[in-house]
Amino acid sequence: MDLAALRTAVSGSVLAAEDQGWDAARNSHAGLGRPDVIVRVDSLDDVSEAVRFAAAGHREVVVRAGGHSAWCTLDDGVLVDLTALDSVEVVEDPDGGALVRIGGGARWGDVARVLSDRGLGISSGDTASVGVGGLTLGGGIGLMVRAWGLAADQLVGAQLVTAQGEVVEVTDASHPDLLWALRGGGGNFGIVTRFDFRAHDLSGVVLAELGVSGNARPILAALRDVLADAPRELTVTFMDVPAMDPNAPAGASIVAVWAGSDEEALRAALAPLLTVEGVVLNDLAARVYPDILLDHPVPEPEQQMPGFLGGNTLLPELDDDAIDALVSFRESTPASVLLLRSLGGAFGDVPQDATPFPARNATWFAMAGAFDIPGLVDDAQRARLEEAWAAIEARGAGVYGNFSTTTDPAFAERMYPAGTMARLAAVKATWDPRNVFARNHNVVPA
Ligand SMILES: Cc1cc2nc3c(=O)[nH]c(=O)nc-3n(C[C@H](O)[C@H](O)[C@H](O)COP(=O)(O)OP(=O)(O)OC[C@H]3O[C@@H](n4cnc5c(N)ncnc54)[C@H](O)[C@@H]3O)c2cc1C
């Protein structure tokens, strides 16, 4: 199929570099790429046509849902932009409760709004503009991860366009291995045009914002101790950031989310933390879930993201030494970020082999990164930071791919334990033997 035939075949739009609109269409939350062709699909058939076009020309497919990942910034290939596939439909689950059918290009902010109006929720990420697609296929650590697990843990089915352009309905009964792979194996197996999730009843949420000053070590130790015994309705995020953008105030803070509308329960859970020097409760109030999701605007096209030294890790134990190493990393250079998210609870209930997601024994997710700004960071500093990060990473039981900005093809080998990787490679060989879907943390077909 040539480009002219593709233009005729799809009901959405097809843009090549010479076309008006291509330049604007290639921009994403993650920045600019230079795809050969952009297909803005608006139907299931369009997705099949776009995949067939790419496969026939031996071109790689770049999939865009929320557009937050670094693959959107690579060159060449056929960019399949799913943004228009943004439907959110709530149906009755034959097994009881509610199922939510979500278009492959939808964003979590829109999903949360529809569900909140019906007293329902799904554990998504923390940001409204992030895509259901990328977040779920990579796992999805959200504001209710201790209550309900990963976003991927709530996935019960999908509709998928294969590397041959065929449409498959995926359930645990019809294709158990493929469904398993979609719960954390990334965009390796096809283009998901519809995600089916089991939703949870959610009357509302309570959000607490705590200011943190002084030495973060005893504060993080107290936070760890609180979470060790806390009800699973509680999920927390600790963040310490430099002045970066007007939407994210500089300094350290803790955000605590309670899945439910019981303000006193959250107040009681946090009480021990408020006795620690340097912690103040700035706000605690009942909210609706979509209102607590953050925003993340699309950057100006010329805005360049600096490189990043450091990484993320899934920690089975946040002991005092681990806390010291993380805080020391942050203190060693002003242009750095430290982020910790509580895990455990429902996240830890899921057996390790039930999904490809690594390290179900993790109790905390930690990310420490220094901006590698030319002129500000010299070689000696870079080496020190890399060494400091390696020591932290050695304490972890795995790395979370969705929080990595690398597009290094070998990275998937670090993400998945050997047995998981072998199983993913076998599923890949069945569904995408020619590796058409390679622009992701790539699983090479067995
Ligand atoms: C501001 C910000 C906040 C974040 N917050 C969180 C958070 O709270 N929790 C968390 O776990 N992660 C979070 N992340 C990481 C996020 O999960 C990843 O960046 C994810 O890849 C974004 O998905 P996307 O759909 O927006 O991106 P995209 O770039 O559109 O997609 C990423 C990749 O996923 C695959 N993909 C996406 N949709 C489909 C589909 N329908 N079918 C097949 N493949 C598909 C493709 O391989 C694609 O290249 C955050 C990232 C940012 C930038």
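Cut-offs used in this document
- Residues numbered from 1 in each chain as written.
- Predicted model: local features only at pLDDT ≥ 70, side-chain atom pairs only at ≥ 80, totals over all residues.
- Axes fitted to C-alpha atoms, helices over the stretch in contact; angles between N-to-C directions.
- Helix = DSSP H or I, 4+ residues; strand = E, 2+ residues; numbered from the N terminus.
- Parallel < 35°, antiparallel > 145°, perpendicular 65-115°, else oblique.
- Left-handed = near helix turned anticlockwise from the far one by under 90°.
- Contact = placed C-beta atoms within 7 Å.
- Nonpolar A, V, L, I, M, F, W, Y, C, P; charged D, E, K, R; others polar.
- Domains from an automatic or database assignment.
- Buried ≥ 20, exposed ≤ 12 C-beta atoms within 10 Å, placed from the backbone.
- Near = placed C-beta within 6 Å.

Notes on the packing of helix α8 (residues 216–229) against helix α11 (residues 320–332)
- One way to put it is that α8 packs onto α11 with a least axis distance of 10 Å and a crossing angle of 135°. It follows from the interaxial angle that α8 and α11 lie oblique. You can see that α8 and α11 cross each other, and the crossing is right-handed. Residues Ala216, Arg217, Leu220 and Ala221 of α8 lie in contact with α11, whose contacting residues are Asp320, Ile323, Asp324 and Val327.
- Taken together, the residues of the contact of α8 with α11 break down into five nonpolar, no polar and three charged.

Considering the domain arrangement of the chain
- According to the domain assignment, the chain consists of domain 1 (3–81), domain 2 (88–201 + 421–431) and domain 3 (205–403).
- Computed from C-alpha coordinates alone, the two centres of domain 2 and domain 3 are separated by 25 Å.
- Listed per partner, the contact involves 32 residues of domain 2 and 28 residues of domain 3.
- Secondary structure elements with two or more residues in the side of domain 2 that touches domain 3: α4 (108–116), α5 (132–138), α6 (145–148) and α7 (176–182).
- Among the elements that make up the side of domain 2 that touches domain 3, the one with the highest residue count is α4 (five residues).
- Tallied by class, the residues present in the side of domain 2 that touches domain 3 amount to 15 nonpolar, 12 polar and five charged.

Examining the environment of Gly140
- Within the secondary structure, Gly140 sits in the loop between α5 and α6.
- Classification of Gly140 by C-beta neighbours within 10 Å gives buried; the count is 28.
- Among residues more than four places away in sequence, those in contact with Gly140 are Ser124, Gly125, Leu135, Leu150, Ala151 and Ala152.

Quick notes on the site of the ligand
- Surrounding the ligand, one finds 33 residues, the nearest of these being Gly66, Gly131, Gly133, Gly134 and Gly187.
- Per-element tally for the shell around the ligand: the top contributor is α5, with five residues.
- For the shell around the ligand, a count of residues per class yields 12 nonpolar, 18 polar and three charged.

Focus on the packing of α11 against helix α13 (residues 379–393)
- Relative orientation of the contacting elements α11 and α13 amounts to 160°, with a least axis distance of 10 Å. Looking at the two axes, α11 sits roughly antiparallel to α13. Classified by chirality, the crossing of α13 by α11 is left-handed. From α11, Ala325, Leu326, Phe329 and Ser332 reach across to α13, where they touch Leu385, Ala388, Trp389, Ala391 and Ile392.

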